[in-house]
Amino acid sequence: MAEAMPSWLQAMQNAGALTAPKSDSGRQSKRRRVSQGSAPSALVSKEQALVKDVFRACDGVLDLGGAELGDAAARLIASQLPQLFDLGLERLHLGGNALSDAGLAALLQALEEVPAPSRLRRLNLRGNRLSDASAEALVHALPALRRLESLDVGQNEFGEAGREAIVAAAALMPKRRTARGQLKTLTLAI
């Protein structure tokens, strides 16, 4: 059974603020030039115009935490990841959004398809409905996220095996140098 889209998100879609990307026809949706704070001007569609209202280009943050948006919103965000990375996305906060394994799978698949997913420095997935299937998917995705500094997956529905797999994968992440030259490992909240 398909998940119901939140009423406010459905209303925006009905009003034409949200449209699915046209992938089969090869045609692009009408684009317009939008300037966004300190970020360089970029061509953006209606979907990107919506995201820019909550995306802070000055520090690369998309914070949708605690909004209980569900998997429908996760799929919408996944469809916009290439444009968000073009605008400077570094921190993605989706904690408290009732994301299930299917929603995270859509996000992780989109991250695999983005040419430079390693720009992501912080990923917050705390307080969703993620199970061991999501833990396995995260373990598979972590090597592509080379610049990831912080991963918060606490308060989810992982079993012991899922938690152990994430901890083991996080330990294998490369160390990075801080501005002071110190080596630092991935910060993990689980």
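Residues numbered from 1 in each chain as written. Predicted model: local features only at pLDDT ≥ 70, side-chain atom pairs only at ≥ 80, totals over all residues. Heavy atoms only, no water.

Engineer: I keep staring at the overall build of the chain and nothing clicks. Help me out?
Structural biologist: A count of helical and extended segments in the chain gives six helices and 10 strands. Across the 190 residues in the chain, those meeting the buried criterion constitute 42%. A separation threshold of at least 6 residues defines the contact pool for the chain, and within that pool the share at least 24 residues apart is 76%. Accessible surface for the chain amounts to roughly 10300 Å². Of this, 52% is attributable to carbon and sulfur atoms. (Helix = DSSP H or I, 4+ residues; strand = E, 2+ residues; numbered from the N terminus. Buried < 20%, exposed > 50% of the residue type's maximum accessible area, 1.4 Å probe, protein only. Contact = heavy atoms within 4.5 Å. Areas by Shrake-Rupley, 256 points an atom, 1.4 Å probe, with all protein chains shown as cover.)

Engineer: Which parts of the structure should I look at to understand the pattern of salt bridges?
Structural biologist: Note that side chains of opposite charge can pair when their charged atoms are close. For the structure on display, the rule yields seven salt bridges. One salt bridge connects D59 with R91, and the closest N-O pair in it is separated by 3.2 Å. You can see D59 sitting in the loop between strand 3 (55-56) and strand 4 (61-63) and its partner R91 sitting in strand 5 (residues 91-93), a full 32 residues away along the chain. Owing to a relative accessible area of 21%, R91 belongs among the partly exposed residues under this scheme. Residue E160 is joined to R163 by a salt bridge in which the shortest nitrogen-to-oxygen separation is 3.1 Å. Here E160 pairs with R163, and both are found in helix 6 (residues 160-171), just three residues apart, close to one helical turn. On the basis of relative accessible area, E160 is assigned to the partly exposed category, the value being 47%. (Salt bridge = Lys/Arg side-chain N within 4 Å of Asp/Glu carboxyl O.)

Engineer: I tried to follow the packing of helix 5 (residues 132-141) against helix 6 on my own but got confused; where do I start?
Structural biologist: Helix-helix packing is described using two parameters, namely the angle between the two axes and the distance between the axes. At a minimum axis distance of 9 Å, the contact between helix 5 and helix 6 shows a crossing angle of 15°. Considered as vectors, helix 5 and helix 6 are oriented roughly parallel to each other. Between helix 5 and helix 6 lies a crossing of left-handed hand. Contact residues: helix 5 offers D132, A135, L138 and V139, while helix 6 offers G162, A165, I166 and A169. (Axes fitted to C-alpha atoms, helices over the stretch in contact; angles between N-to-C directions. Parallel < 35°, antiparallel > 145°, perpendicular 65-115°, else oblique. Left-handed = near helix turned anticlockwise from the far one by under 90°.)

Engineer: Looking at this model, I keep getting lost on the nonpolar core. Mind explaining?
Structural biologist: Across soluble globular proteins, nonpolar side chains have a tendency to be buried as a group. Membership of the largest hydrophobic core comes to 42 residues, with the highest contact counts inside it found for L81, L125 and L148. Elements with a minimum of two residues in this core: helix 3 (70-86), helix 4 (101-113), helix 5 and helix 6. With seven residues, the single largest contributor to this core is helix 3. Filtering out sequence-adjacent residues up to four positions away, L81 remains in contact with L89, L107, A110, L111 and V114. (Core = buried A, V, L, I, M, F, W, Y, C linked by side-chain atoms within 4.5 Å.)

Engineer: What am I meant to see in the sheet that holds strand 10 (residues 187-189) here?
Structural biologist: Within a sheet, adjacent strands bond to each other through the backbone by hydrogen bonds, running parallel or antiparallel. Read from one edge to the other, the open sheet built from six strands follows the order 3-4-5-6-7-10, with strand pairing classed as mixed. The sheet is open, and its two edges are formed by strand 3 and strand 10, each paired on a single side. As judged from the three bridges shared by strand 5 and strand 6 (residues 122-124), these two strands associate in the parallel manner. Paired with L92 across the bridge in strand 6 is L123. (Pairing = 2+ DSSP bridges.)

Engineer: Looking at this structure, I do not really get unusual backbone geometry. What am I missing?
Structural biologist: As a rule of thumb, non-glycine residues mostly have phi less than zero, and peptide bonds are mostly trans rather than cis. Not every positive phi belongs to a glycine, and E68 is a case in point at roughly 50°. Structurally, the position occupied by E68 is in the loop between strand 4 and helix 3. Even without a glycine there, the phi angle at Q155 is positive, about 55°. The topology assignment puts Q155 in the loop between strand 7 (150-152) and helix 6.

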